[in-house]
Amino acid sequence: MTQHSSAPHAAVAAAQHRDWWRDAVIYQVYPRSFADSDGDGMGDLEGVRSRLPYLRDLGVDAVWLSPFYSSPQADAGYDVADYRAVDPMFGSLLDADALIRDAHAHGLRIIVDLVPNHSSDRHEWFKRALAEGPGSPSRDRYHFRPGKGADGELPPNDWESIFGGPAWTRVPDGEWYLHLFAPEQPDFNWEHPAVGDEFRSILRFWLDMGVDGFRIDVAHGLVKAEGLPDLGSHNQLTLLGNDVMPFFDQDGVHDVYRQWRIVLDEYAGERIFVAEAWTPTVERTANYVRPDELHQAFNFQYLSTDWDAAELRTVIDATLAAMRPVGAPATWVLSNHDVTRHATRFANPPGLGTQIRTAGDRDLGLRRARAATLLMLALPGSAYVYQGEELGLPDVVDLPDEVRQDPAYFRGAGQDGFRDGCRVPIPWTRTGSAYGFGGGGSWLPQPQGWGELSVEAQSGVAGSTLELYREALAVRRARRDLGAGDAVEWLRAPEGVLAFRRGEFVCVANTTGESVTVPAHGPLLLTSGEVGEADGETKVPGDTTVWFGTAR
Ligand code: NOJ
């Protein structure tokens, strides 16, 4: 247990503030790649616990942990075999308890991942469903169906798995079961009351353990359209297109969240839900965060936007306009464990989406990534930071095929078979085993030179990306008005430049490659790169963001 002096740390004081989640900066820990305490090459909960002071000093409000539950790891833990157990690879329930307690002592909240759309195929319920056979009640908790064709040899409908290939797998007795993701991830049947009962019980289990909230995996997928209709000519993989899919974003999901909200609100301490909901529009995303449903939803429209002023302004305005009527905070996110890191996305030409396999111009990518961070952290609402982005890490685009683990990679035509590149364990030290990640190597190889990007190499170095994040987060914490509210006041700005005011604070983001000169809107507070000042004007170089105002 951590020892405390009598004066509470600033983070502890900050954690007391009401409605903490409305402007919170939430840091995503991907447990297998964060810190390894026992030298098996795989990160673990004790590793996370040992690094809590780092997260506290970075200045984030909460930590979201990707799944650490008992799992065969067919999809890096998003295939859960027991929702109430910690996988031995990550530690034990005692470790989880210690982590939650220590985080609270540091003024950090803990959000855990909940995976309600599907279980592992090793979950007790699925094992029973397989064993008890067609027609048995245990099959009703999943989507089992006879096949089509003379001998049932064709899948029940034309849905494809998000990871590629059919969304159905046939079992030896001839029936098929639905899996929107890997075959090892059978979808629950949310029409069955036992499924809802079980998940409300799981919520209580973790709430009783003291967690501060849940990130809901595939929150848009739980309810399927009546009769599981064929897609026909719809484009299967359009996650942010205009179509509502029969397996995504069905109106029935909202009944589930209204029930969950009732459970959550029985617990003291402002606990929250955040939805991973890929919907066609921000307006449909807003449905998930109506007052009696969830608190936040990830803004994938923002994450999917190129480094382009006009496009960014459009999505910022659309987001704020969509969230305002439901009273939910906007959220902003640039990276997570499913997409190419933004330092690499922005190193490549625009229009390539969020799965990019080329390194591009690394210096350019980093410059833009830093500028994008200052833009994001100046917007009203809550922001998500993915582990390692504070080090400016690029994606590792040249992992050899034999080390890859992303199930989508093996299923070929899936939307995103290259997610391993953003999951490489992070470097803590310049040298040493796995650059300080742990004493026994790392489950994915780290590139040569990774140590130069480490926490050790960047700490205390003026202008480093880590220090930029620390300063920006300190400003956000000192002046809560940055994350507050639901609007920005746009200022006139040259083409390719975004400028907006929040009280006496002004943010100017130059997304072009050329310098622009703007009026000095006040004292220079923070900049993502070197800027020049003369005669009441500020010269903002290309791909640079500037904050004007006072630190307060
Ligand atoms: C979304 C998660 O973020 C991703 O990593 C996972 O593969 C799918 N959901 C399936 O659970």
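Here, every reference points to the structure presented above.
Residues numbered from 1 in each chain as written. Predicted model: local features only at pLDDT ≥ 70, side-chain atom pairs only at ≥ 80, totals over all residues. Heavy atoms only, no water.

A. View of the overall build of the protein. Looking only at helices and strands, one finds 15 helices and 21 strands in the protein. Its C-alpha radius of gyration of 23 Å places the protein within 12% of the 24 Å reference for a compact globule of 552 residues. Out of the 552 residues in the protein, the part that is buried amounts to 61%. Long-range contacts, defined as pairs at least 24 residues apart, comprise 67% of the intrachain contacts of the protein with a sequence gap of at least 6. Carbon and sulfur atoms make up 51% of the accessible area of the protein, which totals about 20100 Å². (Helix = DSSP H or I, 4+ residues; strand = E, 2+ residues; numbered from the N terminus. Rg over C-alpha atoms; globule rule 2.2 N^0.38 Å. Buried < 20%, exposed > 50% of the residue type's maximum accessible area, 1.4 Å probe, protein only. Contact = heavy atoms within 4.5 Å. Areas by Shrake-Rupley, 256 points an atom, 1.4 Å probe, with all protein chains shown as cover.)

B. Looking closely at the packing of helix 12 (residues 362–377) against helix 15 (residues 465–478). Axis separation between helix 12 and helix 15 bottoms out at 10 Å; the angle between their running directions is 10°. By the angle class used here, helix 12 and helix 15 are roughly parallel. Here Leu 366, Arg 370, Thr 373, Leu 374, Met 376 and Leu 377 of helix 12 lie close against helix 15, whose contacting residues are Thr 465, Leu 468, Tyr 469, Ala 472, Leu 473 and Arg 476. For the contact of helix 12 with helix 15, the residue count by class is 8 nonpolar, 2 polar and 2 charged. (Axes fitted to C-alpha atoms, helices over the stretch in contact; angles between N-to-C directions. Parallel < 35°, antiparallel > 145°, perpendicular 65-115°, else oblique. Nonpolar A, V, L, I, M, F, W, Y, C, P; charged D, E, K, R; others polar.)

C. Just the sheet that holds strand 12 (residues 331–333), in detail. The strand order 11-10-9-5-2-1-13-12 describes an open sheet built from 8 strands, whose pairing is parallel. What marks the edges here is a single partner per strand, and that holds for strand 11 (296–297) and strand 12. With 4 bridges joining them, strand 5 (residues 109–114) and strand 9 (residues 213–216) adopt parallel strand pairing. When the sheet's bridge partners are listed, Ile 111 is paired in strand 9 with Gly 213. (Pairing = 2+ DSSP bridges.)

D. Inspection of the packing of aromatic side chains at higher detail. Under the defined criterion, the tally for this structure stands at 35 aromatic pairs. Measuring from centroid to centroid gives 5.3 Å for Trp 64 and Phe 298, while their planes differ by 35°, and the two rings are tilted. Here Phe 298 lies in the loop between strand 11 and helix 9 (300–303) and Trp 64 lies in strand 2 (residues 62–65), a separation of 234 residues in the sequence. Trp 64 sits in the buried class, given a relative accessible area of 3%. Here Trp 125 and Phe 188 contribute two aromatic rings whose centre-to-centre distance is 6.0 Å and whose plane-to-plane angle is 85°, an arrangement assigned as edge-to-face. With Trp 125 in helix 5 (residues 124–132) and Phe 188 in the loop between strand 8 (176–178) and helix 6 (193–209), this pair connects stretches of sequence that are 63 residues apart. Assessed through its relative accessible area of 14%, Trp 125 is described here as buried. Residue Phe 188 is classed as buried on the basis of its relative accessible area, which comes to 1%. The cationic tip of Arg 139 hangs over the ring face of Phe 144; the distance from NZ or CZ to the ring centre is 4.3 Å. (Phe/Tyr/Trp six-rings, centres within 6.5 Å; stacked < 30°, edge-to-face > 60°. Lys NZ or Arg CZ within 6 Å of the ring centre and 35° of its normal.)

E. Fine view of the environment of Ala 408. Residue placement: Ala 408 occurs in helix 13 (residues 407–410). As a C-alpha pair, Ala 408 and Ser 161 span 247 residues in sequence and 9.4 Å in three-dimensional space.

F. Helix 10 (residues 309–323), seen in detail. With 15 residues, helix 10 extends 21 Å between its outermost C-alpha atoms, agreeing within 8% with the 21 Å of an ideal straight helix rising 1.5 Å per residue. Every buried residue of helix 10 is accounted for by Ala 309, Leu 312, Val 315, Ile 316, Thr 319, Leu 320, Ala 322 and Met 323. Where helix 10 is buried, its residues contact helix 8 (282–286), helix 9, strand 12, helix 12, strand 14 (489–490) and strand 15 (497–502). With a side-chain oxygen positioned 3.1 Å from the backbone nitrogen of Ala 310, the residue opening helix 10 is Asp 308. (Expected span 1.5 Å × (residues − 1). Polar contact = N/O pair within 3.5 Å; in protein donor to acceptor, adjacent residues only side chain to side chain.)

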